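Below, each chain spelled out in residue letters.
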Amino acid sequence: MKILNFGSCNIDYVYLLDHIVVPGETEMGDKLEIFSGGKGLNQSVATARAGASVYHAGCIGLDGDMLLDVMSKSGVDTSLIKRVDSKNGHAIIQVSAKGENSIFLYPGSNAMVTREYVDSVLEHFDRGDILLLQNEISEIEYIVERAYDVGMSIILNPSPINETIDKIDFNMLEHLILNEVEASAITGLDEPEKCIDCLCERYPRLKVMLTLGADGCVFSDGKVKHYHPTFKVKTVDTTAAGDTFTGYFAAELSRGKDIPTVLKIASMASAIAVSRMGAAPSIPEFTEVYERLEKGE
Ligand code: RIB
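Everything numeric here is computed off the predicted structure, so don't read it as measured data. (Residues numbered from 1 in each chain as written. Predicted model: local features only at pLDDT ≥ 70, side-chain atom pairs only at ≥ 80, totals over all residues. Heavy atoms only, no water.)

1. Observations regarding the site of the ligand
As a structural note, the neighbourhood of the ligand is formed by 14 residues, with Asp12, Gly38, Lys39, Glu136 and Asp243 the closest of them. With respect to the ligand, the side chain of Lys39 contributes an N or O atom lying 2.8 Å from an oxygen atom. The side chain of Glu136 places a nitrogen or oxygen atom 2.7 Å from an oxygen atom of the ligand. When the free accessible area of the ligand is taken as 280 Å², the share hidden by the protein chains comes to 96%. When residues of the shell around the ligand are traced back to their parent elements, those giving at least two are strand S2 (10-16), helix H1 (39-49) and strand S8 (101-106). (Near = heavy atom within 4 Å. Polar contact = N/O pair within 3.5 Å; in protein donor to acceptor, adjacent residues only side chain to side chain. Areas by Shrake-Rupley, 256 points an atom, 1.4 Å probe, with all protein chains shown as cover. Helix = DSSP H or I, 4+ residues; strand = E, 2+ residues; numbered from the N terminus.)

2. What about helix H7 (residues 192-202)?
Those residues of H7 lying buried are Cys195, Ile196, Cys198, Leu199 and Cys200. On its buried face, H7 sits against strand S11 (175-179), helix H6 (180-187), strand S12 (207-211), strand S13 (217-220) and strand S14 (225-228). (Buried < 20%, exposed > 50% of the residue type's maximum accessible area, 1.4 Å probe, protein only. Contact = heavy atoms within 4.5 Å.)

3. Some remarks on the sheet that holds strand S7 (residues 90-95)
As summarised here, the arrangement of the four strands in space is S3-S2-S7-S8, forming an open sheet in which the pairing is mixed. In this open sheet, the two edge strands, each paired with only one partner strand, are strand S3 (31-37) and S8. In this sheet, adjacent strand axes meet at a mean angle of 20° when their direction is disregarded. Pairing of S2 with S3, which is carried by seven bridges, proceeds in the antiparallel orientation. (Pairing = 2+ DSSP bridges. Axes fitted to C-alpha atoms, helices over the stretch in contact; angles between N-to-C directions.)

4. Here we look at the pairing of S13
By the alternation rule, side chains of S13 split into Cys217 and Phe219 and Val218 and Ser220, which are all buried. Between the antiparallel neighbours S12 and S13 lie five residues, among them Gly213 with a positive phi of about 60°. Of the pairings in the sheet, the one linking S13 to S14 comprises four bridges and is antiparallel in character. Paired with Ser220 across the bridge in S14 is Lys225. Connecting the antiparallel pair S13 and S14 is a turn made up of four residues, with Gly222 showing a positive phi of about 90°.

5. Quick look at the side chain of Ser44
By the element assignment, Ser44 lies in helix H1. Among the residues examined, Ser44 registers a relative accessible area of 0% and is labelled buried. Discounting chain neighbours no more than four positions away, the residues touching Ser44 are Asn5, Val54, His56 and Val76.

In structure tokens:
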């Protein structure tokens, strides 16, 4: 079984500030750091660092060499990535003294995924292979439809949430991994429990993985629910915490681990990421995750 992650690659410009700038305000930043990021790249790196083999597909711009480098060094197969004649996608990220973040995205190369390219990538995959997908590239509706035709098992992380997600037929998905804000936007409901029940009722074959920030996470297959609390750490930067969770979730699932074990490992990986600065650089290797779990931290 192969894992394909069709997703974005961004250059993250991270500005450290006292607080997130509000409309009409001007604030002096303390520091600028430049990291590799993008939900797609982060999730591929997390899947690879979790020890699974993963192919990344997506478009890299003229200034995106550092992104290819990070993925290759992390063990991601980059052979299906397309080079495009455009500026790479990037993110302007504010991180407050409390570790909260606010993100502005410029799509750039990520908006250059075409149907022809999607077809050429999916030729390399078969029934039963896993497709991981987020919402930062063009043609995600088409990717879901074609991957479903191939018989791939689709994991969608509908992030960032916007009207593109409404066009996707969730009956084609195997897993939906989302946070409370996304669940609320999709269902129109407020309480997390109601959101997860609503999604499972609407889409009977869908398995839903809902992350609850400081309150942990809950998984439901429509019959049984599994909960896991958050591992307590000092928050430095929450960027890519969800991506780390998703990448580890996909990797552990592909190895056939049971859901309680998958949740425990993904929660620890994500807690470690929160305790560090940056997106991809904050994602731990599985040896670190397993050691921390053994120590019972
Ligand atoms: O999920 C975090 C990511 O969101 C950042 O790396 C940034 O690039 C945005 O895509």
